[in-house]
Amino acid sequence: QGQLVESGGGLVQAGGSLRLSCVASGRAFSSLNMGWFRQAPGREREFVGAISWRGISPSYPDSVKGRFTISRDNAKSTVYLEMNSLNTGDTAVYHCAATQTWPATRISDYNYWGQGTQVTVSS
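The notes below deal with the structure included here. In this convention, every chain numbers its residues from 1, walking through the sequence in written order. Under the rules for a predicted model, residues below a pLDDT of 70 receive no local features and side-chain atom pairs below 80 are neither given nor counted, while totals for whole chains, interfaces and linings still include all residues. Each side-chain value is worked out from all heavy atoms of the structure, with water and hydrogens disregarded.

### Section: the side chain of threonine 117
Let me state the cut-off plainly: Put simply, DSSP marks the helices as runs of H or I at least four residues long and the strands as runs of E at least two long, and each gets a number from the N terminus on. The cut-offs for exposure are 20% and 50% of the maximum accessible area for each residue type, with area from a 1.4 Å probe on protein chains only; residues under the lower value are buried, those over the upper are exposed, and the others partly exposed. Between N or O atoms, a polar contact is any pair within 3.5 Å; within protein, one atom must be a potential hydrogen donor and the other a potential acceptor, and residues adjacent in sequence are included only when both atoms are from side chains. By definition, residues are in contact when any of their heavy atoms lie within 4.5 Å.
Looking at the secondary structure, you find threonine 117 in strand β10 (residues 117-122). Residue class for threonine 117 comes out buried when judged on its relative accessible area of 10%. Only 3.2 Å separates the side chain of threonine 117 from the backbone nitrogen of glycine 9, close enough to count as a polar contact. In contact with threonine 117, not counting residues within four places along its chain, are Glu6, Ser7, Gly8, Gly9, Leu20, Ala92, Val93 and Tyr94.

Structural data, given as structure tokens:
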């Protein structure tokens, strides 16, 4: 069994930036498509974006398009989520996930999940 471990969350003021990291272990990371999801208190888990194993087909929902960027470094088995122009609506626990399915925008598309990292945006 492998693991996905997120880091980089924290408290940031509105308008600020954060970069989240997700390190994968125990499986062939370079062949996996990776996604990011977030879940705010009392709300359903929401798709934030995904990147294919080749790193050339990221996709984002309208809520984060133009502000969030996903990238990956296969040599480090790491996927990143760069978040800019953060607002209070971005406050949530952010999870990375892995799958061999593509495209992959639904929770059910993903087989492996990290525990999440908390992002809190203050006004």
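What follows picks up the thread again.
### Comments concerning the pairing of strand β6 (residues 68-73)
For the record, the criterion: Two strands pair under a simple rule: DSSP has to find at least two bridges between them.
By the alternation rule, side chains of β6 split into Phe68, Ile70 and Arg72, which are all buried, and Thr69, Ser71 and Asp73, of which none is buried. With 6 bridges connecting them, β6 and strand β7 (residues 78-83) associate as antiparallel partners. Bridging from a neighbouring strand, aspartate 73 pairs with threonine 78 of β7. In this structure, the hairpin formed by β6 and β7 is closed by a connection of 4 residues, where serine 77 is found at a positive phi of approximately 50°.

### Points about the nonpolar core
Where a protein is soluble and globular, its nonpolar side chains tend to be buried together. Rules: Take the buried Ala, Val, Leu, Ile, Met, Phe, Trp, Tyr and Cys residues and link them wherever side-chain atoms come within 4.5 Å; each set so joined is a nonpolar core.
Counting residues in each nonpolar core, the largest one holds 27 residues, and the members touching the most others are Met34, Trp36, Phe68, Val79, Leu81, Met83 and Tyr94. Listing elements by their share of this core, those giving two or more residues are β3 (18-25), β4 (33-39), β5 (46-51), β6, β7, β8 (92-99) and β10. In contact with tyrosine 94, other than residues within four places in its own chain, are Glu6, Leu20, Trp36, Phe37, Arg38, Val48, Phe68, Leu81, Met83, Gly116, Thr117 and Val119. Counting residues in each nonpolar core, the second largest holds 6 residues, with Phe37, Ala50, Ala97 and Ala104 among its members.

### Side note on the environment of phenylalanine 37
Mapped onto the elements, phenylalanine 37 comes out in strand β4. With a relative accessible area of 1%, phenylalanine 37 lands in the buried category. Residues phenylalanine 37 and asparagine 74, 37 residues apart in the sequence, show an inter-C-alpha distance of 20 Å.

### A word on unusual backbone geometry
Geometrically, the link from tryptophan 102 to proline 103 is a cis peptide bond, its omega value of 0° lying close to zero. Summarising the element assignment, proline 103 is placed in the loop between β8 and β9 (112-113). With a phi close to 50°, serine 77 is a non-glycine residue in the positive phi region. Residue placement: serine 77 occurs in the loop between β6 and β7. Phi is positive for serine 85, close to 50°, though the residue is something other than glycine. Counting through the fold element by element, serine 85 comes out in the loop between β7 and β8.

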